[in-house]
Amino acid sequence: MLHGFRSFKSSANHVRHLRNRICTRGLTNEHCETSIQNGVGVLKFDTPGSKVNVLNEQFSKDCQEAFLALRDDPAASSIVMISGKPDCFIAGADIKMLAACQSKEETMALVQGGQAMMQQMEDCKKPLVAAISGSCMGGGLEVALACHYRIALDQKKTSLALPEVMLGLLPGSGGTQRLPPLIGLTNALPMMLTGAGKDAKKAKKLGLVDLVVKSLGPGVKEPSILSHEYLEKVAVDVARQLADGTLKKPSRTKSGMKGMAHNLPLYNSRVRNYVCKEAEKQVLKKTHGLYPAPIKIIDSVKAGLADPKTGYAREAGNFGDLAMTDESKALINIYFGKTQCEKNSYGKPERMPQNVAVLGAGLMGAGVATVSMDKFKKVILKDVSDTALSKGEDMVRDVFNKKVKRKKMTQFDADKAMSSLITETDYSAFKDVDIVIEAVFEDINLKHRIIKEVEANTPDHCIFASNTSALPITELAKASKRPENFIGMHYFSPVPAMPLLEIITTEATSKETTAAAVEVGLRQKKTVIVVKDGPGFYTTRVIGALMGEAFACIQEGTSPSDLDKFFVKFGWPVGGATLVDEVGIDVAYKVTKYFLEVFGERIAAGDPKVIEELVESGCLGRKSGKVYSFTVNHTRVAPDLSTQ
């Protein structure tokens, strides 16, 4: 009897617990739905038909409506804000909405509306918890900063950042005001001035989030879905405990030496001014005064720390000023262009490439193999000898080792990736290859021979992609018996670091081949542009003219160091002399010679014999250790070019 009573009592408690966990539905609108779970209000936002949530006018209006409903609902003792998308909390503000503003006043009104919404959240008497999974960027992080407690899911796609500076703007919904007191001025400024993201663990270490939840493995559902559901459960439990007092809000006060380092720049004007002044120096050193946004960010932060009452107004005013600058408009246009290049405008290919082979284990080929690993079912790296393959494998391994050292990936994942690379000295493994990417020397006869060899050992549907910086794709395709499957894929060195991929089509290249090549590039995380075949394509045509003018300037008496300074001051990331050294003086010579044959005097710049003499003397640039720009740890060759 006693045992039966205990069983009945236990079952009754279980039923009561389940009843309390039952989700009571509340308000539902286009982007949000609310519910009450165990006395906790849950606001779940989810933009229909989109992979991400963005803060546009309707989304913000719906979120505010849902938030106010839960704030005023006596059944909700606390509130959890969570996305319905496992891989995206909020990706930031709608850039199109910002770009549409025609005046400073219009932009400021938009920003002030966001500030008011965040202030309502911060002033909420009920504990407000942000449950973060996936991208939490810009305005999304500002939403999280307005909450009283932040929980982040420890998964690869979770990243917290304020990247507005990359658009020539600043965090405009309180980010410049809330972030410094939370994580300290010396931590907050780098985040805002670079736009760099933090994963869950780094965010916890900084104090940006209060709790990190481990992601779950495979189960009855996909790991991402299981982990997201678990995050919601943890967030609801935390919110309930914050409401009933069993869990106290985290103390934001710092003590000891760390506390002194945190507090002095915030509350001591002399220390604060010194930190900000040093930050300005670093900014001007890197930007040469060409980008106004970083300086405005520092100004907004200083104003808020000096007088919190005026900080938000300064932030809004500075945002309005920046939105009207040519720099911001140009950066936003670049963003739109880059976003467009990340889509396959040729449609999904009928046959999705699964098996990839790379010919040539040099710097370029090894780089292409590196960005292909883990993206395809099979990746083959082929060269003529085991010695060459060994060097190529070492280059691939070095990339992964650096990622492990920087904690971008685990040692296990690095070892797993390396074990998936297949190396071959013949074509025996090419029977089921879908695309071959050739990265051998820039010799048209060599490439013609390889094209014939590959086509004799691959299936009829296999695509042949030549990685060349200048050789005409149409001429290369003449050696192919399948010209409809022939295409150019021009990568840039070092491939793992350089985002651009230039795809070159001929008149015979099929749409299916182009679509498949673009798909390969997108899987490799490249920004893909597609151009028609022509001398130098697009990038080499532009860069070739630039390098030619750099040589001409040097021959006219400009020193390589001065030339570099002029380039960087104008806005280029590297100088003209350094650029030629990085590309290779021999490559520059070949391109110059080819362009002179095609265009004649139209593109002539300086005396090409000077470049020829440099190459003959063994001065090939960085790869030979002999350069003519000032480069650390390399021999500087500085012939008196002005007299030649």
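Above this text you will find the structure in question.
Report on the accompanying structure. (Residues numbered from 1 in each chain as written. Predicted model: local features only at pLDDT ≥ 70, side-chain atom pairs only at ≥ 80, totals over all residues. Heavy atoms only, no water.)

## Details of the pattern of salt bridges
In step 1: Taken as a whole, this structure holds 24 salt bridges when the rule is applied.
In step 2: Arg-240 is paired through a salt bridge with Asp-237; the nearest N and O atoms lie 3.9 Å apart. Of the two residues, Arg-240 and Asp-237 both sit in helix H9 (residues 223-244), three residues apart, roughly one turn of that helix.
In step 3: With relative accessibility at 29%, the residue Arg-240 sits in the partly exposed group.
In step 4: Across the salt bridge formed by Lys-378 and Asp-432, the nearest N and O atoms sit 2.8 Å from each other. Of this pair, Lys-378 sits in strand E12 (residues 378-382) while Asp-432 sits in the loop between strand E13 (421-424) and strand E14 (435-438); the two residues are 54 residues apart in sequence, bridging distant segments of the chain.
In step 5: In this structure Lys-378 comes out as buried when scored by relative accessible area, which is 18%.
In step 6: The network of salt bridges with common partners includes Lys-233, Asp-237, Arg-240 and Asp-244. (Salt bridge = Lys/Arg side-chain N within 4 Å of Asp/Glu carboxyl O. Helix = DSSP H or I, 4+ residues; strand = E, 2+ residues; numbered from the N terminus. Buried < 20%, exposed > 50% of the residue type's maximum accessible area, 1.4 Å probe, protein only.)

## Some points on a nonpolar patch on the surface
In step 1: Among the surface-exposed residues, Met-257, Met-260 and Leu-264 lie close enough to one another that they form a single nonpolar patch of about 320 Å² accessible area.
In step 2: By the secondary structure assignment, Met-260 is in helix H10 (residues 256-267). (Patch = residues over 30% accessible without salt bridge, like charges linked within 9 Å, V, L, I, M, F, W, Y side chains within 5 Å. Areas by Shrake-Rupley, 256 points an atom, 1.4 Å probe, with all protein chains shown as cover.)

## Concerning the packing of helix H7 (residues 185-194) against helix H11 (residues 269-287)
When two helices pack together, their arrangement is captured by the angle between the axes and the distance separating the axes.
In step 1: One way to put it is that H7 packs onto H11 with a least axis distance of 11 Å and a crossing angle of 25°. If you check the angle between H7 and H11, you find them roughly parallel. The handedness of the crossing between H7 and H11 comes out as right-handed. Contact residues: H7 offers Leu-185, Thr-186, Leu-189 and Leu-193, while H11 offers Arg-272, Val-275, Cys-276, Ala-279 and Val-283.
In step 2: Its residues assigned to classes, the contact of H7 with H11 shows seven nonpolar, one polar and one charged. (Axes fitted to C-alpha atoms, helices over the stretch in contact; angles between N-to-C directions. Parallel < 35°, antiparallel > 145°, perpendicular 65-115°, else oblique. Left-handed = near helix turned anticlockwise from the far one by under 90°. Contact = heavy atoms within 4.5 Å. Nonpolar A, V, L, I, M, F, W, Y, C, P; charged D, E, K, R; others polar.)

## Some remarks on the side chain of Arg-272
In step 1: When you line up the elements, Arg-272 lands in helix H11.
In step 2: Notably, Arg-272 is buried but unbridged: the nearest opposite-charge side chain belongs to Asp-307, and the N-O separation is 10.0 Å.
In step 3: In contact with Arg-272, other than residues within four places in its own chain, are Leu-185, Pro-265, Leu-266, Tyr-267, Lys-302, Leu-305 and Ala-306. (Lys, Arg positive; Asp, Glu negative; His and termini not counted.)

## Considering helix H12 (residues 293-306)
In step 1: A rise of 1.5 Å per residue sets the reference length of H12, with its 14 residues, at 20 Å; its end C-alpha atoms lie 20 Å apart and thus fit the reference within 8%.
In step 2: Next to the buried residues of H12 lie helix H6 (175-183), H7, H10, H11 and helix H13 (308-323). (Expected span 1.5 Å × (residues − 1).)

## Brief notes about the sheet that holds strand E7 (residues 135-137)
In step 1: Pairing is parallel across the open sheet formed by three strands, whose spatial order is E5-E7-E9. Lying at the two open borders of the sheet, with one neighbouring strand each, are strand E5 (88-90) and strand E9 (159-161). When the angles between neighbouring strand axes are averaged without regard to direction, this sheet yields 10°.
In step 2: Here E5 runs beside E7; their pairing, made up of two bridges, is parallel. (Pairing = 2+ DSSP bridges.)

## Concerning the sheet that holds E14
Two strands in a sheet stick together by hydrogen bonds in their backbones, pointing the same way (parallel) or opposite ways (antiparallel).
In step 1: Pairing is mixed across the open sheet formed by eight strands, whose spatial order is E13-E12-E11-E14-E15-E16-E17-E18. A single partner strand is all that each edge strand has here, and the edge strands are E13 and strand E18 (527-532). Pairs of neighbouring strands in the sheet enclose a mean axial angle of 25°, with direction left out of account.
In step 2: Direction of pairing for strand E15 (residues 463-466) relative to strand E16 (residues 486-491): parallel, over a ladder of three bridges. Residue pairing across strands places Phe-464 opposite Phe-486, the latter belonging to E16.

## Some points on H13
Note that an α-helix has 3.6 residues per turn; residues three or four places apart therefore point the same way.
In step 1: Between its first and last C-alpha atoms H13 spans 23 Å; for 16 residues at 1.5 Å apiece the expected length is 22 Å, and the two agree.
In step 2: Taken together, the buried positions of H13 are occupied by Gly-311, Glu-315, Ala-316, Gly-317, Asn-318, Phe-319, Gly-320, Leu-322 and Ala-323.
In step 3: Summarising the contacts, the buried residues of H13 are in contact with helix H3 (95-99), helix H4 (104-122), H6, H12 and helix H14 (326-341).

## Quick look at the pairing of strand E2 (residues 32-37)
In step 1: Counting buried positions along E2 gives five out of six residues, so the element sits mostly inside the fold.
In step 2: Bridge count for E2 against strand E3 (residues 40-45) is six bridges, and the pairing is antiparallel. Across the sheet, Glu-33 pairs through a bridge with Lys-44, a residue of E3.
In step 3: In textbook terms, the turn of a hairpin is the stretch between consecutive antiparallel strands, and for E2 and E3 this stretch comprises two residues, one of which, Asn-38, has a positive phi near 55°.

## Details of the layout of surface pockets
In step 1: Here the second largest pocket defines a volume of roughly 520 Å³.
In step 2: Lining the second largest pocket we find 22 residues, and of these Glu-122, Gln-177, Arg-178, Pro-181 and Leu-182 sit closest to its centre.
In step 3: Looking at the lining of the second largest pocket, the elements that each hand over two or more residues are H4, H6, H10, H12 and H13.
In step 4: Ranked by the residues each element gives to the lining of the second largest pocket, the list is headed by H6, at six residues.
In step 5: The residue makeup of the lining of the second largest pocket, split by class, is ten nonpolar, eight polar and four charged. (1 Å grid on protein atoms, 1.4 Å probe; cavity = no way out; pocket = protein on both sides within 12 Å on 5 of 7 lines; lining within 4 Å. Points joined across faces, edges and corners; volume = space filled by probe spheres on them.)

## Regarding empty space enclosed by the protein
In step 1: Scanning the entire structure with this criterion turns up four cavities of 30 Å³ or more.
In step 2: Along its surface, the largest cavity is lined by Gly-544, Ala-545, Gly-548, Val-591, Thr-592, Phe-595, Leu-596, Ile-603, Ala-604 and Ala-605.
In step 3: Contributions of two or more residues to the lining of the largest cavity are made by helix H21 (539-555) and helix H24 (585-599).
In step 4: It is H24 that provides the largest number of residues to the lining of the largest cavity, a total of four residues.

## A closer look at the pairing of E3
For a regular strand, the rule is simple: side chains alternate between the two faces of the sheet.
In step 1: The element E3 is largely enclosed, with a buried count of five among its six residues.
In step 2: Across six bridges, the pairing between E3 and strand E4 (residues 78-83) is parallel. Looking at E4, one finds that Gly-41 is bridged to Ile-79.
In step 3: Handedness of the crossover joining E3 and E4 through helix H2 (residues 57-71): right-handed. (Right-handed = clockwise from strand over helix to strand, strands pointing away.)

## A look at a positive patch on the surface
In step 1: Taken together, the side chains of Lys-202, Lys-205, Lys-258, Lys-405, Arg-406, Lys-407 and Lys-408 define a basic patch exposed on the protein surface.
In step 2: Among the residues examined, Lys-405 registers a relative accessible area of 73% and is labelled exposed. (Charge placed at Lys NZ, Arg CZ, Asp CG, Glu CD.)

## Observations concerning the environment of Lys-126
In step 1: Positionally, Lys-126 belongs in the loop between H4 and strand E6 (128-132).
In step 2: Remark: the alpha-carbon pair of Lys-126 and Thr-107, spanning 19 residues in sequence, is separated by 31 Å.
In step 3: Within the structure, the side chain of Lys-126 is placed 2.9 Å from the backbone oxygen of Arg-71, a separation counted as a polar contact.
In step 4: Within the structure, the side chain of Lys-126 is placed 2.7 Å from the backbone oxygen of Ala-76, a separation counted as a polar contact. (Polar contact = N/O pair within 3.5 Å; in protein donor to acceptor, adjacent residues only side chain to side chain.)

## Overview of the environment of Met-121
In step 1: Topologically, Met-121 is positioned in helix H4.
In step 2: On a C-alpha basis, the gap between Met-121 and Gly-92 in space is 17 Å, while along the polypeptide they are 29 residues apart.
In step 3: Among all residues touching Met-121, those that are not within four sequence positions of it are Phe-67, Met-81, Leu-128, Val-143, Ala-146, Cys-147 and His-148.

## Quick look at the state of the cysteines
In step 1: Taken as a whole, this structure holds zero disulfides when the rule is applied.
In step 2: Sulfur of Cys-124: no disulfide; nearest cysteine sulfur belongs to Cys-147 and is 9.4 Å away.
In step 3: For Cys-124, a relative accessible area of 6% puts it in the buried group.
In step 4: Cys-147 forms no disulfide, and the closest cysteine sulfur to it belongs to Cys-136, at a distance of 9.3 Å.
In step 5: Judged by relative accessible area, Cys-147 falls into the buried class, the value being 4%. (Disulfide = S-S within 2.5 Å.)

That is the geometry; function is a separate question.
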